[in-house]
Amino acid sequence: MAGVTGRLVRGWCPRAVRRLSLLLTSILQCLSFTFLPVAKFTQPFRNHFGNHCWERRNLFCPSSSLQVPAQLHMSKTAMGASQKDFESAMNQVKLLEKDPGNEVKLKLYALYKQATEGPCSTPKPGVFDLINKAKWDAWNALGNLPKETARQNYVDLVSGLSSSSDSSSQVKPEADREQAGYETLVMTSEDGITKIMLNRPTKMNALTTQMYQEIMLALEAASKDDSTITVLTGNGSYFSSGNDLTNFTHISPDEIEEKARRGAILLRDFVGCFIDFPKPLVAAVNGPAVGISVTILRLFDLVYASDRATFHTPFSHLGQTPEGCSSYTFPKLMGPGKAAEMLIFGKKLTAAEACAQGLVTEVFPDSTFQKEVWTRLKAYSKLPRNALRISKQMIRNHEKEKLHATNAEESRILQERWLSDECMNAIMNFLSRKAKM
Ligand SMILES: CCCCC/C=C/CC(=O)SCCNC(=O)CCNC(=O)[C@H](O)C(C)(C)COP(=O)(O)OP(=O)(O)OC[C@H]1O[C@@H](n2cnc3c(N)ncnc32)[C@H](O)[C@@H]1OP(=O)(O)O
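This one's a predicted model, so the numbers in the text were calculated from it and none came from an experiment.

Colleague: Looking at this structure, I do not really get the packing of aromatic side chains. What am I missing?
Modeller: Scanning the entire structure with this criterion turns up 7 aromatic pairs. Between phenylalanine 86 and tyrosine 112, the ring centres sit 6.1 Å apart and the planes meet at 15 degrees, which makes this aromatic pair stacked. Residue phenylalanine 86 is found in helix H4 (residues 83-95), and its partner tyrosine 112 is found in helix H5 (residues 102-117); the two are separated by 26 residues along the sequence. An angle of 70 degrees between the planes, with centres 5.2 Å apart, marks the rings of phenylalanine 270 and phenylalanine 274 as edge-to-face.

Colleague: Looking at this structure, how should I read the sheet that holds strand E10 (residues 362-364)?
Modeller: The strands making up a sheet are joined through hydrogen bonds of the backbone, oriented either antiparallel or parallel. One open sheet holds the 7 strands; their spatial order is E1-E2-E3-E4-E5-E7-E10, and the pairing between them is mixed. Both outer strands of the open sheet, strand E1 (178-179) and E10, are each paired with one neighbouring strand and no more. Both strand E7 (residues 302-306) and E10 contribute to a ladder of 3 bridges, which runs parallel. Within E10, the residue paired with serine 306 across the bridge is phenylalanine 364. Contacts from helix H14 (residues 369-380) reach strand E3 (193-198), strand E4 (229-234), strand E5 (281-285), E7 and E10, with the element oriented near 160 degrees to E7.

Colleague: Help me understand the nonpolar core, please; the structure alone is not making it clear to me.
Modeller: Ranked by size, the top nonpolar core spans 59 residues in total, and within it Val271, Phe274, Val285, Leu297, Phe300 and Phe311 carry the most contacts. Broken down by element, this core gets its largest block of residues, 8 residues, from helix H8 (residues 209-224). Among the nonpolar cores identified, the runner-up in size contains 16 residues, and Ala81, Leu108, Val155 and Val158 belong to it.

Colleague: Mind showing me how you'd approach the environment of methionine 216 here?
Modeller: Within the element layout of this structure, methionine 216 appears in helix H8. Residue class for methionine 216 comes out buried when judged on its relative accessible area of 15%. A C-alpha to C-alpha distance of 6.2 Å links methionine 216 and phenylalanine 270, two positions 54 residues apart in sequence. If sequence neighbours within four positions are ignored, methionine 216 has contacts with Leu266, Asp269, Phe270 and Cys273.

Colleague: Sorry if this is basic, but what is going on with the site of the ligand here?
Modeller: The full set close to the ligand counts 25 residues, and Lys203, Ser241, Asn243, Leu245 and Arg433 are the nearest of them. Between the ligand and asparagine 243 there is a distance of 2.9 Å, counted from an oxygen atom to a backbone nitrogen or oxygen. Leucine 245 is positioned with one of its backbone polar atoms (N or O) 2.6 Å from a nitrogen atom of the ligand. Top contributing element to the shell around the ligand by residue count: helix H17 (residues 421-436), with 3 residues. Its residues placed into classes, the shell around the ligand shows 13 nonpolar, 7 polar and 5 charged.

Colleague: In this structure, what is going on with the pattern of salt bridges? I would like to understand it.
Modeller: Side chains bearing opposite charge may pair, as long as their charged atoms lie close to each other. Enumeration over the complete set of coordinates arrives at 18 salt bridges. Linking aspartate 276 and lysine 400 is a salt bridge whose minimum nitrogen-to-oxygen distance equals 3.6 Å. Here aspartate 276 is found in helix H9 (residues 256-276), whereas its partner lysine 400 is found in helix H16 (residues 400-417), with 124 residues between them in sequence. Exposure remark for lysine 400: the relative accessible area of 25% places this residue in the partly exposed category. Across the pair aspartate 301 and lysine 392 runs a salt bridge, and its minimum N-O distance is 2.8 Å. Here aspartate 301, found in the loop between helix H10 (292-295) and E7, pairs with lysine 392, found in helix H15 (residues 385-397); they are 91 residues apart in sequence, far enough to count as distant. Connected through salt bridges with shared partners, the residues Glu258, Arg261 and Arg262 form a single ionic network.

Colleague: Whenever I open this one, the packing of helix H11 (residues 326-334) against helix H12 (residues 336-343) confuses me. Can you help?
Modeller: When two helices pack together, their arrangement is captured by the angle between the axes and the distance separating the axes. Between H11 and H12, the least distance of the axes is 7 Å, while the angle of their chain directions is 135 degrees. Taken together, the axes of H11 and H12 lie oblique to each other. Crossing handedness for the pair H11 and H12: right-handed. Contacts between H11 and H12 involve Ser326, Ser327, Phe330, Pro331 and Met334 from the former and Pro336, Lys338, Ala339, Met342 and Leu343 from the latter. In terms of residue class, the contact of H11 with H12 is made up of 7 nonpolar, 2 polar and 1 charged.

Basis of the calculations
- Residues numbered from 1 in each chain as written.
- Predicted model: local features only at pLDDT ≥ 70, side-chain atom pairs only at ≥ 80, totals over all residues.
- Heavy atoms only, no water.
- Phe/Tyr/Trp six-rings, centres within 6.5 Å; stacked < 30°, edge-to-face > 60°.
- Helix = DSSP H or I, 4+ residues; strand = E, 2+ residues; numbered from the N terminus.
- Pairing = 2+ DSSP bridges.
- Contact = heavy atoms within 4.5 Å.
- Axes fitted to C-alpha atoms, helices over the stretch in contact; angles between N-to-C directions.
- Core = buried A, V, L, I, M, F, W, Y, C linked by side-chain atoms within 4.5 Å.
- Buried < 20%, exposed > 50% of the residue type's maximum accessible area, 1.4 Å probe, protein only.
- Near = heavy atom within 4 Å.
- Polar contact = N/O pair within 3.5 Å; in protein donor to acceptor, adjacent residues only side chain to side chain.
- Nonpolar A, V, L, I, M, F, W, Y, C, P; charged D, E, K, R; others polar.
- Salt bridge = Lys/Arg side-chain N within 4 Å of Asp/Glu carboxyl O.
- Parallel < 35°, antiparallel > 145°, perpendicular 65-115°, else oblique.
- Left-handed = near helix turned anticlockwise from the far one by under 90°.

Worth remembering: the numbers are spatial, not functional.
The following block contains the structure:
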């Protein structure tokens with residue numbers, strides 16, 4: 001990549017260099033799966049409540065690995081909570097059903113650090129290290145607050161959170177069955193159906209790195225819950241406009257290759273979740289679908305589409321290549337010629353055309369789409385759960401190995417494509433199109 005960058009930069013005017021830097025930045029944001037500032041800022045907090053726990057131990061209740069300082073082993077005094085209260089509060093935090101929000105989580109983190117280590121004395125993280133800087137700021141803001149007071153405040157804060165969470169679950173026992181912990185999705189479970197709804201309607205449900213990660217978590221949770229069927233759909237007018245092309249961040253050129261490498265790994269893992277998903281998986285394509293949101297459809301068991309939906313894979317236009325196993329599944333499904341029109345030349349299909357090619361199972365009028373699809377799925381969800389699951393797996397097992405091999409190869413090739421001039425220029429065009437209007 002250094003070669004590509006060097007080649008591009010040499011002989012460019014400063015403005016061009018700035019544009020290149022912006023372009024590299026945007027591409028890498030698209031490819032980066034750990035560098036998205038907002039995602040990175042919220043990730044450890046969300047993960048505390050989610051399945052992943054990479055920061056669980058060192059955020060605000062790192063109790064499992066905590067060596068409790070000897071001076072904290074003291075009984076409750078007139079002014080503060082005991083060590084037992086403190087540890088119990090740390091455990092309660094893990095059991096909270098509702099995400100208390102980043103502000104509260106920062107307070108918890110700061111109080112925890114103050115209670116266990118005293119005033120903040122570690123070096124201030126750099127301005128671009130957003131998460132650690134936010135955590136450091138919160139801790140540092142506590143100044144010389146005594147450890148005992150911090151511990152008491154921590155216990156009080158958790159107690160308030162627990163009681164509000166208890167009372168809300170008493171008032172609304174089923175809490176409308178929406179599962180917390182997702183920022184870019186709405187996940188609900190009802191009538192034997194788990195629904196995962198992409199929830200960035202103002203961006204046409206373009207898939208950010210955070211979204212890929214949340215979808216994987218949601219699929220993992222759905223694979224283990226007691227529902228019979230899992231459904232993926234979109235909120236708003238689009239099903240999804242595919243990979244998000246407009247995330248900005250600042251990444252130095254020497255990190256580019258590493259980011260592309262990580263991007264390829266995430267792509268492989270993301271598609272892998274669809275290949276391996278063990279239960280019947282249904283796509284309710286409520287509107288247009290672009291890019292990866294089209295290619296993965298062949299990994300679903302049923303694809304119901306509104307007659308307003310279209311299916312577009314403009315990979316060549318973006319200097320990219322097929323993913324989602326489509327280089328194998330599409331020619332198999334629709335024949336090499338029709339697959340080439342879509343995957344190589346970017347021909348957009350209507351819902352009726354996609355249905356004729358076998359990519360869509362059935363098309364419904366947009367006006368009755370939701371009603372008809374959910375009525376159908378509710379009836380299917382009453383069928384014997386294990387039989388559905390086993391039948392799905394029997395069908396999938398014939399080609400699972402081939403799908404994984406295709407997925408790995410497509411991810412590897414895309415990793416190279418993301419570093420190409422063609423891809424950089426295409427993304428630059430998309431980013432600058434509004435400015436041109
Ligand atoms: C781990 C995975 C790795 C990656 C795997 C690779 C996958 C490859 C692909 O998915 S390729 C497909 C990429 N997607 C696109 O090329 C679509 C780009 N978007 C568009 O062409 C158009 O936005 C549109 C046709 C989807 C909709 O056009 P319309 O004119 O109706 O609406 P706007 O363009 O004004 O869109 C509204 C706002 O949404 C933003 N947006 C839409 N799609 C994307 C996207 N893919 N990435 C980023 N942002 C997107 C758009 O910018 C508007 O935002 P704004 O109002 O703030 O300007």
